[in-house]
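Residue-level listing of the chains:
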Amino acid sequence: MATCQGSRSFTDPEKCTRELDKLVAAKLKEGFKEVSLNFPGVSVEVLWEVEQARDKELDTLHVRTGGSVALLMEIFSYRWLKTLTLEEVATLPPEIANLSKLQFLEISESPRLKVLPRELGKLGRLTWLCLAESGIEELPEELGELSRLRSLIIRSLPKLKVVPESFSKLVGLRELDVCDNRDVFGKRSPVQLPALGA
């Protein structure tokens, strides 16, 4: 016996499926939209936004990932993206390097994110990078390879303990915001930061 719509029971699961298909078709006729993406733990609204970015090849996307690595892997296949804001990231896969056109990247509100992949250094067009309110403990040495980087915002990373020496290579920086990271960037910092506006 299969239960369909909570209160209706069917002896035939196929009949239940047909009834559900009819209900979905009726909702679509009423103007509802069907979302083809499905990642557990990700809201329908977020799935809709990501699907729109995919279908319309939008170059800007702002997403609360809900910690879904599968969702990130989907997004990292959108090679046309130029601006990406990610929140609630638990793990950042190295496939982020697929976003070769990315110019602006923000990763914030991600306390479970501890490590950034070395592949961030392969985002050669990146001009603006914001890492904020996350559990990041160490920044990868490869960030020094971001030669086009003009703005670097590293804000409120309470667990950050290590800043790579390669930061001294970021000679194109015009803005450096290290608010709420005094222990790393304050007087005790062993890294020589680049002079801004050089």
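Refer to the structure printed above.
In this text, all values refer to a predicted model and were calculated from it rather than measured experimentally.

Caption draft 1: Examining the overall build of the protein more closely. What the protein contains, in helices and strands, is four helices and eight strands. Secondary structure elements of the protein, listed N to C terminal, follow the sequence β-β-α-α-β-α-β-β-β-β-β-α. Of all 198 residues assigned to the protein, the portion counted as buried reaches 42%. A separation threshold of at least 6 residues defines the contact pool for the protein, and within that pool the share at least 24 residues apart is 34%.

Caption draft 2: Looking closely at the side chain of Thr85. Along the chain, the position of Thr85 falls in strand β4 (residues 83-87). Judged by its relative accessible area of 12%, Thr85 falls in the buried class. Once you skip the residues sitting within four places of it in the chain, Thr85 turns out to touch Leu61, His62, Val63 and Glu106.

Caption draft 3: Region of interest: the sheet that holds strand β6 (residues 128-134). On the basis of which strands lie adjacent, the open sheet formed by six strands has the order β3-β4-β5-β6-β7-β8 and parallel pairing. Pairing within the sheet leaves two strands with one partner each, and these edge strands are β3 (60-64) and β8 (175-177). Ignoring which end each strand starts from, the neighbouring axes of this sheet average 5° apart. Pairing geometry for strand β7 (residues 151-155) and β8, over three bridges, is parallel. Looking at β8, one finds that Ile153 is bridged to Asp177.

Caption draft 4: Looking closely at the pairing of strand β5 (residues 104-110). Judged from the five bridges that link them, β4 and β5 form a sheet pairing that is parallel. Directly across from Thr83, in β5, lies its bridge partner Phe104.

Caption draft 5: Inspection of a positive patch on the surface at higher detail. A cluster of basic side chains, namely Lys82, Lys101, Arg125, Arg148, Arg150 and Arg174, defines a positive patch on the protein surface. Tracing the sequence through the fold places Arg174 in the loop between β7 and β8.

Caption draft 6: Inspection of the packing of aromatic side chains at higher detail. The tally for this structure, following the rule as stated, stands at two aromatic pairs. Ring plane angle 10° and centroid distance 5.1 Å describe the contact between Tyr78 and Trp80, whose orientation is recorded as stacked. Ring geometry for Phe104 versus Trp128: centroids 6.4 Å apart, planes at 45°, classification tilted. Here Phe104, found in strand β5, pairs with Trp128, found in strand β6; they are 24 residues apart in sequence, far enough to count as distant.

Caption draft 7: Quick peek at helix α2 (residues 44-56). The terminal C-alpha atoms of α2 lie 18 Å apart, and with 13 residues this matches the ideal 18 Å at 1.5 Å per residue to within 8%. Taken together, the buried positions of α2 are occupied by Val46, Leu47, Val50, Glu51, Gln52 and Ala53.

Caption draft 8: Looking closely at the nonpolar core. Formed by 45 residues in total, the largest nonpolar core has its most connected members in Leu84 and Leu105. If you list the elements that add at least two residues to this core, you get α2, β3, α3 (69-75), β4, β5, β6 and β7. Counting residues per element, this core draws most heavily on α2, at four residues. Ignoring sequence-local partners within four residues, the contact set of Leu105 consists of Leu84, Ile96, Leu120, Leu123, Leu126, Trp128, Leu129 and Cys130.

Caption draft 9: Summary view of the pattern of salt bridges. Applying the stated criterion to the full structure yields eight salt bridges. Residue Arg64 pairs with Glu88 through a salt bridge whose shortest N-O separation is 2.7 Å. Taken together, the residues Arg64 in strand β3 and Glu88 in the loop between β4 and β5 connect sequence positions 24 residues apart. Judged by relative accessible area, Arg64 falls into the partly exposed class, the value being 36%. In this structure, Arg64 and Glu109 form a salt bridge, with 2.9 Å as the shortest nitrogen-oxygen distance. Linking Arg64 in strand β3 with Glu109 in strand β5, this pair joins segments that are 45 residues apart in sequence. For Glu109, a relative accessible area of 32% puts it in the partly exposed group. Each of the salt bridges in this network shares a partner with another, and the network as a whole consists of Arg64, Glu87, Glu88 and Glu109.

Definitions and limits used
Counting from 1, residues in each chain are numbered in the order their sequence is written. Local features in this predicted model are restricted to residues of pLDDT 70 or higher, and side-chain atom pairs are both shown and tallied only at a pLDDT of 80 or more, whereas totals for entire chains, interfaces and linings draw on every residue. Just so you know, side-chain values use all the structure's heavy atoms and leave hydrogens and water out. Secondary structure elements follow DSSP: runs of H or I of four or more residues count as helices, runs of E of two or more count as strands, with numbering from the N terminus. Summary of the burial criterion: residues with accessible area below 20% of their type's maximum are buried, those above 50% are exposed, and those between are partly exposed, where the area comes from a 1.4 Å probe applied to protein chains only. Contacts between residues were defined by any pair of non-hydrogen atoms, one from each residue, lying within 4.5 Å. Whether two strands pair comes down to DSSP finding at least two bridges between them. Convention adopted: a line fitted to C-alpha atoms gives each axis, helices being fitted over their contacting stretch, and angles between N-to-C directions are expressed from 0 to 180 degrees. Patches were defined on residues exceeding 30% relative accessible area and lacking a salt bridge, with like-charge contacts within 9 Å and nonpolar side-chain contacts (Val, Leu, Ile, Met, Phe, Trp, Tyr) within 5 Å. Using the Shrake-Rupley algorithm and a 1.4 Å probe, accessible areas are obtained, with residue cover drawn only from the displayed protein chains. By definition, a salt bridge exists where a carboxyl oxygen of Asp or Glu is found within 4 Å of a side-chain nitrogen of Lys or Arg. Positive charges are assigned to Lys and Arg, negative charges to Asp and Glu, while His and the chain termini are left out of the count. Think of each charge as sitting on NZ of Lys, CZ of Arg, CG of Asp or CD of Glu. For Phe, Tyr and Trp, where Trp contributes only its six-membered ring, two rings pair if their centres lie within 6.5 Å, and the inter-plane angle classes them as stacked under 30 degrees, edge-to-face over 60, or tilted in between. Multiply 1.5 Å by the residue count of a helix minus one, and that product is the helix's expected span. To qualify as a nonpolar core, a set must consist of buried Ala, Val, Leu, Ile, Met, Phe, Trp, Tyr and Cys residues joined through side-chain atoms within 4.5 Å.

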